[in-house]
Amino acid sequence: MRLALDEAKKAFDLGEVPIGAIIVKNGKVIGKGHNTRELSECAVAHAEINAIQDACCNIGHWRLTDCDLYVTIEPCPMCIGAIYQSRIKTVYFGSRDPKAGACGSVFNLFDFKGLNHYCQIVEGVLSQECSDIMKRFFRRLR
């Protein structure tokens, strides 16, 4: 999660909402990303999507089976869709997102029965640090 926080700091420095993500397979980082929506002017340029794209390019395949995603803030519904499609095994997140979180805050998309892939969710990893960078960012905007 510390590496995901490093990615969040990159987003912070760019004026982006400071969310960072890392994808790990067999103990090795294979993908990383941070929010780039403002910079890219692209609605889907979330940290998780950027990390998934990076990982897929690095391993040469769209399936990220047996990979773990570490993300500083609870993923939104769009990102859960990408996590589901890429077959990520476990999502570790730092802090909840009470407005758009799709791992339990607003709802849990992996609670829906009938999916062909389910992902384990672990929350609260370095929660305070993940929350603090978001609070600093939004205080700075105001």
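The structure displayed is predicted, hence computed values, not measured ones. (Residues numbered from 1 in each chain as written. Predicted model: local features only at pLDDT ≥ 70, side-chain atom pairs only at ≥ 80, totals over all residues. Heavy atoms only, no water.)

## Regarding the UniProt feature "binding site: Zn(2+)" (unreviewed entry) in the protein chain
Argument step 1. Per the UniProt record, "binding site: Zn(2+)" (unreviewed entry) is found at His46, Cys76 and Cys79. Spanning 34 residues, the named residues nonetheless gather at one spot, since no C-alpha pair among them exceeds 9.3 Å.
Argument step 2. Among the structural elements, Cys76 can be located in the loop between strand E3 (67–73) and helix H4 (77–86).
Argument step 3. Cys76 gets classed as buried once you look at its relative accessible area, which sits at 14%.
Argument step 4. What Cys76 contacts, discounting residues up to four positions off in sequence, is His46, Ala100 and Ala102. (UniProt positions renumbered as here; feature names shortened; annotations may be inferred. Helix = DSSP H or I, 4+ residues; strand = E, 2+ residues; numbered from the N terminus. Buried < 20%, exposed > 50% of the residue type's maximum accessible area, 1.4 Å probe, protein only. Contact = heavy atoms within 4.5 Å.)

## Description of helix H5 (residues 127–141)
Argument step 1. Between the first and last C-alpha of H5 there are 22 Å, a value that for 15 residues agrees with the 21 Å anticipated at 1.5 Å per step.
Argument step 2. For H5, every residue scored as buried is listed here: Cys130, Ser131, Ile133, Met134 and Phe137. Down the axis, H5 shows its buried residues gathered within 160° of arc, on one side only. (Expected span 1.5 Å × (residues − 1). Arc of directions from axis to C-beta.)

## With respect to the sheet that holds strand E2 (residues 28–34)
Argument step 1. Read across the open sheet, the five strands follow the order E2-E1-E3-E4-E5; overall the sheet is mixed. The open sheet terminates on both sides in strands that have one partner only, identified here as E2 and strand E5 (120–123). Across this sheet, the average inter-strand angle for adjacent strands is 15°, counted without regard to direction.
Argument step 2. Seen against the sheet, helix H1 (residues 2–13) touches strand E1 (20–25), E2 and E3 and runs at an angle of roughly 145° to E1. (Pairing = 2+ DSSP bridges. Axes fitted to C-alpha atoms, helices over the stretch in contact; angles between N-to-C directions.)

## As for the UniProt feature "active site" (unreviewed entry) in the protein chain
Argument step 1. UniProt's entry tags Glu48 with the feature "active site" (unreviewed entry), counted in the numbering of this structure.
Argument step 2. Aside from chain neighbours lying at most four places away, what touches Glu48 is Ala21, Leu69, Val71, Ile73, Pro75 and Cys79.

## Some remarks on a positive patch on the surface
Argument step 1. On the surface, Lys9, Lys135, Arg136 and Arg139 cluster together into a patch of positive charge.
Argument step 2. Tracing the sequence through the fold places Arg139 in helix H5.
Argument step 3. Taking the relative accessible area as the measure of exposure, Arg139 reaches 57% and is therefore exposed. (Patch = residues over 30% accessible without salt bridge, like charges linked within 9 Å, V, L, I, M, F, W, Y side chains within 5 Å. Areas by Shrake-Rupley, 256 points an atom, 1.4 Å probe, with all protein chains shown as cover. Salt bridge = Lys/Arg side-chain N within 4 Å of Asp/Glu carboxyl O. Lys, Arg positive; Asp, Glu negative; His and termini not counted. Charge placed at Lys NZ, Arg CZ, Asp CG, Glu CD.)

## Comments concerning the nonpolar core
For soluble globular proteins, nonpolar side chains are generally found buried alongside one another.
Argument step 1. Within the largest apolar cluster, 29 residues are counted, with the highest numbers of intra-cluster contacts made by Ile23, Ile52, Leu64, Leu69, Ile83 and Ile88.
Argument step 2. Secondary-structure elements contributing two or more residues to this core are E1, helix H3 (47–59), E3, H4 and strand E4 (90–95).
Argument step 3. Of all the elements, H3 adds the most residues to this core, at six residues.
Argument step 4. Those residues in contact with Leu64 that lie beyond four places of it in its chain are Ile23, Ile30, Ile52, Ala55, Cys56, Ile59, Ser86, Arg87 and Ile88.
Argument step 5. Residues Ala8, Val24, Cys130 and Phe137 belong to the second largest nonpolar core, which totals ten residues. (Core = buried A, V, L, I, M, F, W, Y, C linked by side-chain atoms within 4.5 Å.)

## A few points about H3
Argument step 1. Between the first and last C-alpha of H3 there are 18 Å, a value that for 13 residues agrees with the 18 Å anticipated at 1.5 Å per step.
Argument step 2. Of the positions making up H3, those classed as buried are Ala47, Glu48, Ile49, Asn50, Ala51, Ile52, Ala55 and Cys56.
Argument step 3. Those residues of H3 hidden inside the fold are in contact with E1, E2, E3 and H4.
Argument step 4. At the exit of H3 stands Gly60, carrying a positive phi of roughly 75°.

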